[in-house]
Amino acid sequence: MTENHKPGAGRPRAEQLPLAFSHQTATGREDLLVAAPLHAAVSIVDEWPRWPSPVVILVGPQGSGKSHLASIWKNTSGAVEIKPQSGGDAARAAESGPVLFEDADRDGFDDTELFHVINTVRENGTSLLITTREWPAAWPVTLPDLRSRLKAATVVEIGEPDEDLLGQVLMKLFADRQLYMDDKLVSYIVARMERSLNTAQTIVERLDRLGLSRGARISRAMAAEVLTELGSDVDED
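Here the structure is a predicted model, which is why all the values come from computation and not from measurement.

> Got a minute to help me understand the packing of helix H9 (residues 197-214) against helix H10 (residues 220-229) in this structure?
Pairs of packed helices are described in terms of their axes, by the angle between the two and the distance that separates them. Two elements in contact, H9 and H10, have axes separated by 10 Å at closest approach and are oriented at 130°. By the criterion of interaxial angle, the relationship of H9 to H10 is oblique. Relative to H10, H9 is oriented so that their crossing is right-handed. Every residue of H10 that contacts H9 at Ile203, Arg206, Leu207, Leu210, Gly211 and Arg214 is listed here: Met222, Ala223, Glu225, Val226, Leu227 and Glu229. For the contact of H9 with H10, the class distribution of residues is seven nonpolar, one polar and four charged.

> What is the right way to look at the pattern of salt bridges in this model?
Where charged atoms of side chains with opposite charge meet at close range, the side chains can pair. Per the counting criterion, the structure on display carries eleven salt bridges. Between Lys74 and Glu81 there is a salt bridge whose closest N-O contact spans 3.0 Å. Residue Lys74 is classed as partly exposed on the basis of its relative accessible area, which comes to 29%. Of the residues examined, Glu81 reaches a relative accessible area of 43% and is grouped as partly exposed. In this structure, the salt-bridge partner of Arg177 is Asp208, at a minimum N-O distance of 2.9 Å. Taken together, the residues Arg177 in the loop between helix H7 (163-176) and helix H8 (183-192) and Asp208 in helix H9 connect sequence positions 31 residues apart. Each member of the pair, Arg177 as well as Asp208, carries the same accessibility label: buried.

> Explain the environment of Leu100 to me, please; I cannot follow it from the model alone.
Following the sequence through the fold, Leu100 ends up in strand S3 (residues 99-101). In sequence terms Leu100 and Ser77 are 23 residues apart; their C-alpha atoms lie 10.0 Å from each other. Setting aside residues no more than four positions away along its own chain, Leu100 makes contact with Ala70, Trp73, Lys74, Ala79, Val80, Glu81, Ile82 and Leu129.

> Please explain H8 as it appears in this structure.
Within an α-helix, residues lying three or four positions from one another point in the same direction, as the helix has 3.6 residues per turn. Turning to H8, its buried residues are Leu185, Val186, Tyr188, Ile189, Val190 and Arg192. Those residues of H8 that are buried lie in contact with H7, H9 and H10. Where H8 begins, one side-chain oxygen reaches toward the backbone nitrogen of Lys184, 2.8 Å away; that side chain belongs to Asp182.

> Mind showing me how you'd approach the nonpolar core here?
Counting residues in hydrophobic clusters, the biggest one holds 26 residues, and the most contacted among them are Leu170, Phe174, Ile189, Met193 and Leu207. Going through the elements one at a time, H7, H8, H9 and H10 are the ones with two or more residues in this core. Apart from residues no more than four positions distant in its own chain, Phe174 is found in contact with Leu179, Met181, Ile189, Val204 and Leu207. Core analysis: the next-biggest nonpolar cluster, separate from the first, contains 23 residues, Val59, Phe101, Ile130 and Leu150 among them.

> Explain the packing of H8 against H10 to me, please; I cannot follow it from the model alone.
Remark: H8 packs on H10, axes separated minimally by 10 Å, with the N-to-C direction vectors making an angle of 20°. Looking at the two axes, H8 sits roughly parallel to H10. Helix-helix and strand crossings are classified by hand; for H8 and H10 the assignment is right-handed. Residue-level inspection shows Leu185, Tyr188, Ile189 and Arg192 of H8 in contact with H10, the latter providing Arg220, Ala223, Ala224 and Leu227. Each residue belonging to the contact of H8 with H10 can be placed in one class, and the counts come to six nonpolar, no polar and two charged.

Reading guide: rules and limits
- Residues numbered from 1 in each chain as written.
- Predicted model: local features only at pLDDT ≥ 70, side-chain atom pairs only at ≥ 80, totals over all residues.
- Heavy atoms only, no water.
- Axes fitted to C-alpha atoms, helices over the stretch in contact; angles between N-to-C directions.
- Helix = DSSP H or I, 4+ residues; strand = E, 2+ residues; numbered from the N terminus.
- Parallel < 35°, antiparallel > 145°, perpendicular 65-115°, else oblique.
- Left-handed = near helix turned anticlockwise from the far one by under 90°.
- Contact = heavy atoms within 4.5 Å.
- Nonpolar A, V, L, I, M, F, W, Y, C, P; charged D, E, K, R; others polar.
- Salt bridge = Lys/Arg side-chain N within 4 Å of Asp/Glu carboxyl O.
- Buried < 20%, exposed > 50% of the residue type's maximum accessible area, 1.4 Å probe, protein only.
- Polar contact = N/O pair within 3.5 Å; in protein donor to acceptor, adjacent residues only side chain to side chain.
- Core = buried A, V, L, I, M, F, W, Y, C linked by side-chain atoms within 4.5 Å.

Right under this line is the structure:
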């Protein structure tokens, strides 16, 4: 057992966390940190069903917390996940309740089917939440009517996580693994890592495995090793 691990210590209550992680981490709305990069997106999720328009589009980089927010909204609204592809039943699913379409820019969609989904949502008074890394104006939409519908949607952008948020996330992820890290080490990692919540999870997972495999306390040298493996420019002060 390494010195970082403290057996018997209870896992601290998650004060609020912006991303759903896999290692015994709370992922509900009460575990969501309402930091500046997420404030507008959290507000729009909290305001459902009193949305300014029936279609809301969450835009943000990979690892910004879109999927966790979408999961919260799905659980709250009872939404059904859809993939608007030709010949599918996405529009039919939108007749009876809220629907969720994730990664629109990555997975792609059929213009006509998405147009029908939006029309169905509007006609039946339901809701559609779309997540994407790119703004809708950059999507390869060729159907004029769909482009018009997308312009009428409420678009909310999620910014990159700032250093304060990344530091809190790292401390939370380490604590979930019964690892209690020095603030200076966390600050060292934050200053050199990619600004991504997914990267934060990867760093913690790799450091935990590295420390256990070597039977040693997680150190700055280990952190530098992991950061270098992930492509970060690690400078020694």
